Amino acid sequence: QVQLVESGGGLVQTGDSLRLSCTASGLPSRSNAMGWFRQAPGKEREFVATITWSGDSTFYAGSVKGRFTISRDNAKNILYLQMNRLKPEDTAVYYCAAGVYSVVPTSYNYWGQGTQVTVSS
């Protein structure tokens with residue numbers, strides 16, 4: 001019943017921008033927060049950004065702070081991640097998630113299947 005579907009990934013060059021979207025459906029009310037995580041080949045899943053249900057609080061990983069912006073449109077059930085000034089080290093599969101406002105993956109109950117972001121040099 002719960003579905004999170006990411007879109008907007010692609011192949012870009014260093015310094016370019018991308019906006020990822022995550023459309024959500026069937027989420028229970030207890031899933032108050034949403035977040036973005038990423039995972040590169042051979043590495044653990046890494047926190048990127050999180051946002052409360054109202055959007056009044058956000059938190060970012062130090063590696064993306066100042067470059068990425070997380071936002072949500074609850075009326076449309078869409079989560080966004082605006083990514084600017086992309087770097088090769090941003091290359092990863094990006095996942096959206098719903099659950100508890102947190103920086104750890106285990107705090108999130110529901111996950112999308114991911115969208116690939118590749119930043120070439």
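Look up: the structure comes first, before these words.
I will try to describe carefully the structure that is included in this document.

About the criteria used
Residues numbered from 1 in each chain as written. Predicted model: local features only at pLDDT ≥ 70, side-chain atom pairs only at ≥ 80, totals over all residues. Heavy atoms only, no water. Helix = DSSP H or I, 4+ residues; strand = E, 2+ residues; numbered from the N terminus. Buried < 20%, exposed > 50% of the residue type's maximum accessible area, 1.4 Å probe, protein only. Contact = heavy atoms within 4.5 Å. Disulfide = S-S within 2.5 Å.

Observations regarding unusual backbone geometry
A positive phi is found at N77, a non-glycine position, where the angle reads about 60°. With respect to the helices and strands, the residue N77 is situated in the loop between β7 (68–73) and β8 (78–83). According to the relative accessible area criterion, N77 is partly exposed, its value standing at 45%. Positioned with a positive phi, R85 is a non-glycine residue whose angle comes to about 50°. Tracing the backbone through its elements, the reader meets R85 in the loop between β8 and β9 (92–99).

A short note on the environment of V119
Within the secondary structure, V119 sits in strand β11 (residues 115–120). In the structure, V119 is positioned 27 residues away from A92 in sequence and 8.9 Å away in space, judged by C-alpha atoms. Once residues lying within four places of it in the same chain are set aside, the contact partners of V119 are V12, Q13, T14, L86, K87, P88, D90 and T91.

Side note on the state of the cysteines
Tallying each qualifying case throughout the model produces 1 disulfide. The disulfide partner of C22 is C96, and the S-S distance across this bridge is 2.0 Å. Between C22 and C96 the disulfide shows an S-S torsion of about 50°. By sign, it is right-handed. Here C96 lies in strand β9 and C22 lies in strand β3 (residues 18–25), a separation of 74 residues in the sequence. The same class applies to C22 and to C96, which are both buried.

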